[in-house]
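Examining the three-dimensional arrangement
Below are the chains, spelled out letter by letter.
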Amino acid sequence: MGWGRPQGMWQWVPFVTVGAIERNLAMCHRALCNTITIQLLLASVQRRQQHRDRSWWDKRGTFQHGLEKEDANPDITRPTVIITPTHSMAKTKASAPNLDFFGERVVSHPNEVPDFVRNMHQRLVSGAPPDDRMFMDILRLAEAHPADVAVTLLRCAPSCDRAATIMWRTIASSGTAVDKVLPTLLCVLEDWPLHRMSTSDGDKTRVFALAATKVVWEILRLPWCPAPFMEYSPRLLVALLFQVFVSTLDMPQEVDTFWKECQEQHGLAISPNRFAVQTLKALFRHLRCLDLLVAMERKRGWDTLLCADTHHHAVGLLAREMHRTSNPLCSCIALRLLGLLSTQEAHWDLPALAFLVEVLECHEMREWSDSALEIISRCLQCKSREKRRLALRGLVVLSKDLSVAEGIRSMTPSLMALLQDADGEVVALILSVFLNELQNRATLISSPTALQLAGALRPLFDKDNSHVQLLSIRLFQEVMELVMEEGKKPLKKHVSKSLLPLFFHCHDENQQVAEASHRALLSMAKFLETRDLANPVKDKQLWKFAEVLLAQDESRAAEYLHQALPYLQNPQEPLRAAAIRFMGIAGRLLRGQKKELQLIYKSLENMVDDSSPAIGNLAVQTQYIVQAIERARYSIFENLQGQLRRAWRTRPRLLGLRWLRCCSSAGN
């Protein structure tokens, strides 16, 4: 026998369990072994049971009447009173649930259950006062035939009228009964818009998913939350979030008609998706997630949840807030979502992925990293840009986990292909994955992979996204330092072509990019084993570096010139100025090469009208310097050129005389 006293203003509520009676009988039987004594004890217990049942149901009737007054307006906001059921209430069990305490059957055959439930509901609708026997029958049937009871009650009262509310709340008062009925309710709630389930009488009429939501809402309006609701809360939260999304996208005519009837009967002035959000909030209140509710309200997360285009953002926000408050539900919901995503159904995969990505860092999720990686790998192949972006965010988190290193390494070819994506955020996420892989493991890179990475990274130095620039420069430096010995020689070609871009980005306005470029440039000079290049960089004499770069291989001066031309159009003024100065240095080494000099003149002439007056003046000055260098060259060698021209004019006559001498010699 158990006695429970709810908190606050509620009075003592006696509660006698069948299990307690059975334990008493068993103890008496072992102690006395006397049939007459057992019969007397049973009669005594029955009398006490009847007396306490009447007392309990009288108090329950008063409580129920108070709740029924609120049915007309379910939107009334009341202060949440948390009343925890007693241990005996939550753990009530019956060895023979289809028998009452007197050994009488509620139904003689399971296929009679639907009719019995319908008749019971009809009695309550007709206004007949409920007695103790009726309530006990509801509990015993719910424990013995939970699916039949739940589905039949949803069919005969889909809008959950007052009679059905009394029956549902009676079921909720027993931990055992609601524990058996709740899985069926969840199956209906998860199957939008209609759920098909056959009852024992052969009825296959479909049930509205919103009808199950209405039942959950009515149960959550009780001052206490049944213990099974706590146990099933992850699944229930996911089901309600899914219903918010799908009811926003898809509202069939029959569901719309049903909901209008609910609105007329109960005075509901909200749409189905808002009602699902309201039920979701009620569940969070019972779970005592008050900080979460406040944060979502402050950040307008509930409104964002109601829009199909932003629904996944709101789910991600919900996950972040739960993770921030170290809510234990985080990992439970994530595991539930892992199971849903593994089925490869595309109903709610984007919001599910958004939640999963936010909680992958939870300690409890580490043992499920392999499953998460498999799902993320599949999502990377999707055409949806948003889904790929979320999958990459998750991959960045997993790339820090040593247990999935081999799996991520196998994804390198597909990630390399995505580096060509125009979306800067996608590229930055991929670069972060590669950096985590290299920095956290310090593994050597094979020659083919190093060459592929170097070729893909070089164009990213000039990306119009400073974060992408920074990550690509850092990754290039890591590749140089970790490439295998046999891959160093082939890599030198890519390193040589990357010198000039990094030289220009040493002048970048973004200080982080400039510093990273300087470090990478020094590493490149050392990698190429060229001390003449390394020393100026080490001493931060960048223009000395440019002169050495052009002077050490004059045959490549024209190539460097063409490589520098795009930087004249760079949005950053410091990079345009550096490109103009580089043109001046290159002009000295390209004397006599008219094609390249004309290119320099034309390029500098176009820069005269630059939006920055300083850049325009610098272009004019550089143009004069290059022209002066060229004129000086001609004045020095003017006499030598004249002699060569005169010699060239007399050359045909001398050749003719020599030919005549040859002929006369041959005649002799």
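Residues numbered from 1 in each chain as written. Predicted model: local features only at pLDDT ≥ 70, side-chain atom pairs only at ≥ 80, totals over all residues. Heavy atoms only, no water.

For the protein chain, the name recorded in an unreviewed UniProt entry is Maestro heat-like repeat-containing protein family member 7, with Cyanistes caeruleus as its organism.

**Overview of the overall build of the protein chain**
Secondary structure assignment for the protein chain yields 34 helices and 4 strands. Expressed as a percentage of the 668 residues in the protein chain, the buried residues total 51%. Accessible surface for the protein chain amounts to roughly 32,900 Å². Of this, 52% is attributable to carbon and sulfur atoms. (Helix = DSSP H or I, 4+ residues; strand = E, 2+ residues; numbered from the N terminus. Buried < 20%, exposed > 50% of the residue type's maximum accessible area, 1.4 Å probe, protein only. Areas by Shrake-Rupley, 256 points an atom, 1.4 Å probe, with all protein chains shown as cover.)

**Quick look at the pattern of salt bridges**
Going through the model one piece at a time under the given rule, you end up with 30 salt bridges. In this structure, the salt-bridge partner of Arg-155 is Asp-203, at a minimum N-O distance of 3.5 Å. Linking Arg-155 in helix α6 (residues 146-156) with Asp-203 in the loop between β3 (194-195) and β4 (207-208), this pair joins segments that are 48 residues apart in sequence. By relative accessible area, Arg-155 is classed as buried at 18%. The class of Asp-203 is partly exposed, set by a relative accessible area of 23%. A salt bridge links Glu-297 to Lys-281; the shortest N-O distance between them is 3.7 Å. Of this pair, Glu-297 sits in helix α14 (residues 290-298) while Lys-281 sits in helix α13 (residues 272-286), placing them 16 residues apart in sequence. (Salt bridge = Lys/Arg side-chain N within 4 Å of Asp/Glu carboxyl O.)

**Focus on the packing of helix α25 (residues 466-482) against helix α26 (residues 488-505)**
Two numbers describe how α25 lies on α26: the axes approach to 12 Å, and their chain directions differ by 145°. Crossing hand, α25 versus α26: left-handed. Packed against α25, whose contacting residues are Gln-469, Ile-473, Phe-476, Val-479 and Met-480, the element α26 presents Leu-491, His-494, Val-495, Ser-498, Leu-502 and His-505 at the interface. Grouping the amino acids of the contact of α25 with α26 by side-chain chemistry returns 7 nonpolar, 4 polar and no charged. (Axes fitted to C-alpha atoms, helices over the stretch in contact; angles between N-to-C directions. Left-handed = near helix turned anticlockwise from the far one by under 90°. Contact = heavy atoms within 4.5 Å. Nonpolar A, V, L, I, M, F, W, Y, C, P; charged D, E, K, R; others polar.)

**Details of the packing of aromatic side chains**
Overall, the coordinates contain 12 aromatic pairs when judged by the stated rule. Measuring from ring centre to ring centre gives 5.6 Å for Phe-461 and Phe-476, while their planes differ by 70°; the resulting arrangement is edge-to-face. Placement of the pair is Phe-461 in the loop between α24 (447-457) and α25 and Phe-476 in helix α25, with a sequence separation of 15 residues. Phe-476 shares its class with Phe-461; the two are buried. Each member of the aromatic cluster is reached from another via a ring pair, and the members are Phe-503, Phe-504, Trp-543, Phe-545, Tyr-567 and Phe-582. (Phe/Tyr/Trp six-rings, centres within 6.5 Å; stacked < 30°, edge-to-face > 60°.)

**A short note on the side chain of Glu-596**
Turning to its location among the elements, Glu-596 is positioned in helix α32 (residues 594-606). No salt bridge forms around the buried Glu-596; measuring N to O, its nearest opposite-charge neighbour Lys-595 is 5.8 Å away. (Lys, Arg positive; Asp, Glu negative; His and termini not counted.)

**As for the environment of His-266**
Following the sequence through the fold, His-266 ends up in helix α12 (residues 253-266). A C-alpha to C-alpha distance of 8.2 Å links His-266 and Asp-161, two positions 105 residues apart in sequence. Of the polar contacts made by the side chain of His-266, one reaches the backbone oxygen of Ser-159; its length is 2.7 Å. (Polar contact = N/O pair within 3.5 Å; in protein donor to acceptor, adjacent residues only side chain to side chain.)

**Focus on the packing of α24 against α25**
Running from N to C, α24 and α25 cross one another at 155°; their axes reach a closest spacing of 10 Å. By the angle class used here, α24 and α25 are roughly antiparallel. Between α24 and α25 lies a crossing whose hand is left-handed. Counting all contacts with α24, which are made through Ala-450, Leu-453, Ala-454 and Leu-457, the residues of α25 involved are Ser-472, Leu-475, Phe-476 and Val-479. Grouping the amino acids of the contact of α24 with α25 by side-chain chemistry returns 7 nonpolar, 1 polar and no charged. (Parallel < 35°, antiparallel > 145°, perpendicular 65-115°, else oblique.)

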